[in-house]
Amino acid sequence: MTTTNPTGPLGQPATSVGWTPDFDDAPRRSLLPRPSLSDSVFKSVAVTAGATTVGIMLAVGLFLSFRASSALQVSGFSFLVEQQWSPETQVFGIASILFGTITIALIAMCVAVPLALGTALLISEIAQGQLRKTLITLVDLMAAVPSVVFGLWGVFFLQANVIPVASWISTYFGWIPFFQVTDASGQVLTEASAFTSSAFIAGIVVGLMVVPTQTSVMREAFSQAPNGEREAAFALGSTRWGMIRSVVLPFGRGGIIGGTMLGLGRALGETIAVYMIISPIFTINWQVLKTGSNSVSALIALRYGESSEFGLSALMAAGLVLFLITLMVNFTASSIVARSRSGADSEA
Amino acid sequence: MLIDTLTPGTAPTKTTTVIPSSEGIEIGPRRRVRSVRLDDRFDLIGAGVAGIAVGTLLFGWFTPLSGGVGWTIVSFLSFITFYAVLVGMKADRQEIKDRVVSVLLASAGVILFGALVFVVAYTLVRGQDALPHLNFFIENMELAGPLDPLSAGGILHAVLGTLIQISIALAITIPLGILTALFLNEIGGRFAKFVRTIADAMTALPSIVAGLFVYSAIIVLITHQRSGFAAAMAITVMMLPIVIRASDIVLRLVAGNLREAAYALGATRWRTVWHVVLPTARPGLATAVILGTARGIGETSPVLLTSGVTAVTNLNPFSGPMISLPLQVFDFVKSPEPNMIARGFGTAAVLILLVLALFAVARLIGGRGPGELSHGQQRRVLEASARDVRRITIAADRRQPVAAVPEPDPAPGLPSTPERPAPSKEESSS
Amino acid sequence: MTRKNYWARAAQTLTAAFVVALSVATVVPAQAVTYDPITGTGSTWSQNALDQWRKNVAANYGMTVNYSGVGSSAGRRDFAAGSVDYAVSEIPFQSKPEDGSAPEVPTRGFAYMPIVAGGSSFMYNLKIGGVRVSNLRLSGETITKIFTGVITKWNDPIIATDNPGLTMPDKGIVPVVRSDGSGSTAQFTLWMSKQHPALWNSYCASVGKATPCGLTSQYPLTGNMKGQSGSSGVAGYVSQDYGEGAITYVEYSYALESGYPVAKVLNASGYYVEPTAPSVAVALMQAQINTTPGPDYLTQILDGVYNSTDPRTYPLSSYSYMIVPTEVVAGGVFTAKKGATLGAFASYMLCEGQQQAEALGYSPLPMNLVLAGFDQIGRIPGAAPAPDPNACNNPTFKPGDSPSNNQLALTAPQPAECDKVGANQCTTGTGGSLAETPISGAGTGGTASNAVAGSADPATAAAAGAAGAAAGVTASYDENGALISGTGISGSAVASPFTLASSAWGSGQSTMLFAAVLLLAAALLPPLIWPRLKRTPAKVVAK
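Residues numbered from 1 in each chain as written. Chains lettered and ligands numbered in written order. Predicted model: local features only at pLDDT ≥ 70, side-chain atom pairs only at ≥ 80, totals over all residues.

## Examining the overall build of chain B
This is how the line gets drawn: Labels follow the DSSP assignment, with helices taken as runs of H or I lasting at least four residues and strands as runs of E lasting at least two, numbered in each case from the N terminus. Residue burial here comes from a neighbour count, namely the number of other C-beta atoms, placed from the backbone, that lie within 10 Å of the residue's own C-beta, with 20 or more meaning buried, 12 or fewer meaning exposed, and in between meaning partly exposed. Contacts are defined on C-beta atoms placed from the backbone: any two residues whose C-beta positions lie within 7 Å are in contact.
A tally of regular secondary structure across chain B gives 15 helices and zero strands. Across the 430 residues of chain B, 48% fall into the buried class. At a minimum sequence separation of 6, the contacts of chain B that also span at least 24 residues come to 70%.

Here you go:
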């Protein structure tokens, strides 16, 4: 009997043969697969598809890098520290834009992570039977709601209704520098108009947008916590919360971190909702409740049409930086998720 | 769920295990192990009422606090406090913590689902002004000026634009994406790893950057005009990694023993893929594609840069601007005019309904894991195999009229439900 | 399954296409001429007019004209890149930009063709005592100071001087500016740089731009300003509830469309004027048109408009251009067949289309520009010759008129007496908000409606003014428009949409906190203490 490789027997030449025939006159049978025509066609088509995909992807990456480099050569290091955006006069940088992007994404995470964590635990540990199935479907469904819908809601509903919240926070927590709302001279602003179009509002909307993604990754991780350990915890007299704390959360830690970062990746790249809400400024604004912020993707949406060739290059440099950041976040996330033996196949 | 881990190990021992026949034993309804005591409910209700009462008292009479938000926060906090106290009258600290955390988790769920459902419902409700007009669905905006009422103009052009763009994108994405995923799973090798890394990396590509790429590479350099095709390209660049990744995961879940069985029967690799892997993974692949489609339909930012804005129906994707639903929403609500905003909400409602419909289809097709069959499919498979058995039997009869006819097996070896996901390619081939 | 899905979709598409084809065939009468669709992008300033014309030519001639308002800068860029058939912009290509940016040089031949005139208006959202103000008056200097951050409150003395009839609330001004590259911004900043160079240059310097700075398409944001994209974006922000206190520069038609008032702007002869069609037409009589053939042929020089001494002048009047191609580039999107459509569309715009300009909030083009536009139509490849001017049906001229005349300017009404600088302020509404604004300040009022006929009724004005003076001498309003002191107007609804708790923490607050703690303690302590008191005997029993 020849040995069989577990799954890919035809892909590799058999290197070792368990049983050697002891008669020499018979011609030795080749154990190398002889691909049929259909196989070789299939293989070449599949390889071509893979190559095409890589070709497209690399074309995007290389084109972006190539075009971005012409802008980066002009600006040099100041690209990272300059706040103004005026490629026409060769003064441009992404300091303020990146700051805004990250502010909005962090606010989104502050909104999204507690909600996602709570809901994921609710679904995996508390809800039972039909309710649980419904909630899972609902979460998956919400992940597919178009971002422009969230943008609409943000502009037409949230913006007007969140002003009291923002002013409430700034009134009672204004001693925290982030929550201060002051004008240039340090005068405290209390008017409604000072609180509109802020990073805070954009952050809430983006946060709601990414909650479903995060919830489903976290839920998947939690639901894979081994039942034996859960039962052991219960058998030792633990309450449900005790069980969650000692079994589910440690087991799902990778899922929590991975889900959070996947959400962060999406939050960083979100365009349309942010574009509809914020009032774009090109200075670093620490006061998140105050009007005015910016984000890389909103900047691209705003300026791509009127940009000259060089302006487009500068925008691509900004897009490239955003891409690299998202890439880093995503890879960190997937490596964490993969290492924690959970949730690796949940993100779809 | 807690019980099925108790499957007994089948240790090969000399003594025969006699499984008692379950026939004749009445199986009653399953006992509920967990239940809610009546006073638990009262605790919840009482704490809720007390919380609201305190919030209202503080806001209405005693203090100069004001605003709905403050009221909600104060009421909620006092609700939690009261609940903890009520539980604490009968239970120890562990149980208090448990109960309070349960309530907190439940409130997180309520807040989240409340907010999400509200976002969707808000759009649908605001869309009500435009949706009852039939013309909204069968006309375009060509004959509707800035000041026309809702009884003129519609979004047919945007619906058609969306369908055309997504069809082009799918025509590229489905074959390319699934073939690439097959390449990753069935052929493998070092290049496949590279492809997988690149595809994973590209899922991080912000959609606006995909749009910017198409704008500056295709529109500025080649076609010199915004068109439906350019928009489809942008959607493709955005969707392709999503579809590859999702299909890859689905194909990885196809049980390895199915493939082995096919190879053992002498099937070539292509026949294995065509007759075993793809049919097994079909529901999952369909889900992957449909969810990718939902993402592609809903994204505004790539089409914002590439498709152009038009008020007329343009069925030619290669020439002239072709608007799609999300961009039409964006374009409508930019206007300060109330009718345009109503149209925007109506369009958004149509978009949501379209995405929801796609999602429902995905659920119907792909609600089951790979290899799991619906009742109808199972019946058909059984019928087919019964036919096969008859055919084989008859053929055997003809060839060996004297030989004893073997007992036909009622459940022949068709792919059964895989018990565990197959190990991934890298693990198995190394 | 997916394949089936795909075919189902394809079939659906085909069916829908068939339905469309049917409906088009039934709606549009059979045309002798078929027009190729044309596509353009550009100014949002002119978008309302273009959208209306686009609809009209589609309904009447079966022409398909696509127009997308993406901003003048993006429109010029699209035209230069050859990705559109035409573009619309308020300013010409910036071949020598003043802010040091790269020059815009289109590679294919082009010509400017004026399409519509209009006034850059100042739309605002302001309430006094809960009543919307619709008769705000502003001088050029005030406007410049508002948009350069020099004055930040509505009750600044300089605004009060302009508005003797109003008691301005102590509310912050929110200047809303365009965040995209815009011709409106360019026109507005050009006006500021010409009329108030000191203020504008010091603002430019404060945001780090080289001075002297002329016009710019991208407004530099500072302080409490909001940036919104597109004319509809700025108008949309101002018309929100939370936009109270906001003011923006936008074409007059957007104010009409969203139902908000515009500020009357002080002209050189001491009248505050609203940017109506006649006042724009009168103002543009003073525009110098560059008539030397060349790349800048037909561009406007507006210094005369800014300083026109005609009392009916609206100083921020201008017109916008369509940029049309004058050559067919091989391989480009523009063809001679499209040129035929563009020519027919242009002829429609210059003649018949101008009839609707006034209703939309624009001002029809005068004869000299129409005739010059006809010349430009002749330069479009493939375009049919322009129509006979005598059959043009443009409201600004009658058959046989001389090109320098403008019927609209001839019949334009004189401004009302209450619009003159002084203590007398008209109460009539402006823009899209026609409700009268009651007198709240120390000034006197008057209505412009009777003045339009040319004769203000002094008696009425004086009476109203006296009433106003009596009513509003000592009234003052806080930032939410609530009356602080004096007898002001009692509005039907006092605007305090967003009440804020006082930020100061005083003894009152401490008392309240104490009361709240006491209340909670009263509710919570008994159940907490009770089991402890009972616990000891209970344990004994259990044992």
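## Structural notes on the sheet that holds strand β10 (residues 246–251) of chain C
All names here are of chain C. Formally: Paired strands are those between which DSSP finds at least two bridges. Axis lines are fitted to C-alpha atoms, over the contacting stretch for helices. Their N-to-C directions set the angle, which ranges from 0 to 180 degrees.
Spatial strand order, β2-β1-β3-β15-β4-β10-β8-β9: eight strands in an open sheet with mixed pairing. With one partner strand each, in any of the chains shown, β2 (65–69) and β9 (226–228) form the two edges of the open sheet. Averaged over all pairs of adjacent strands, the angle between strand axes in this sheet comes to 25 degrees, irrespective of strand direction. Where strand β8 (residues 174–178) meets β10, three bridges bridge the pair, whose relative direction is parallel. Looking at β10, one finds that P175 is bridged to I247. In this fold helix α8 (residues 231–238) packs onto β4 (110–125), β8, β9 and β10, with an angle of close to 150 degrees to the strand it touches most, β10. Sheet contacts for helix α10 (residues 277–284): β4 and β15 (317–325); angle to β4, the most-contacted strand, approximately 130 degrees.

## What about helix α14 (residues 367–379) of chain C?
Residue and element names in this part refer to chain C. We apply this condition: The span you would expect from a helix comes to 1.5 Å times its residue count less one.
In a regular helix each residue adds 1.5 Å, so 13 residues correspond to 18 Å; α14 covers 19 Å between its end C-alpha atoms and thus fits that length. The complete set of buried residues in α14 reads M367, N368, L369, V370, G373, F374, Q376 and I377. The inward-facing, buried residues of α14 abut β4, β13 (288–289), β15 and α12 (336–350).

## Focus on the interface of chain C and chain A
Accessible area lost during the coming together of the parts is what is often quoted as the interface size. Counted only if it meets this: Three categories are distinguished: nonpolar for Ala, Val, Leu, Ile, Met, Phe, Trp, Tyr, Cys and Pro, charged for Asp, Glu, Lys and Arg, and polar for the others, with Gly belonging to the last.
Taken together, the contacts link 36 residues of chain C with 29 residues of chain A. Contributing elements (two or more residues each) for the side of chain C that touches chain A: α3 (72–80) and β9 of chain C. Counting residues per element, the side of chain C that touches chain A draws most heavily on α3 of chain C, at four residues. Residues that form the side of chain C that touches chain A fall into these classes: 11 nonpolar, 16 polar and nine charged.

## With respect to the sheet that holds strand β7 (residues 137–138) of chain C
Residues and elements named next belong to chain C. With mixed pairing, three strands are arranged side by side in an open sheet as β7-β11-β12. Strands at the two margins of the open sheet, each flanked by one partner only, are β7 and β12 (272–273). Relative to β12, strand β11 (residues 264–266) runs antiparallel, the two sharing two bridges. Residue pairing for β12: V265 is matched across the bridge by V273.

## Comments concerning the confidence of the model for chain A
Residues and elements named next belong to chain A. This is how the line gets drawn: A residue's pLDDT is simply how confident the predictor is in it, with values from 0 to 100.
For chain A, mean pLDDT is 84; residues scoring 70 or higher make up 88% of the total. Averaged pLDDT values for the elements of chain A fall to 84 in strand β1 (residues 85–86) and rise to 93 in helix α3 (residues 95–126). Here residues 1–17 is a poorly scored stretch, pLDDT under 50, and it has 29 contacts once near neighbours within four places are set aside; other chains count. Note that pLDDT drops below 50 for residues 342–348; the model gives that stretch 25 contacts with residues more than four away or on any other chain.

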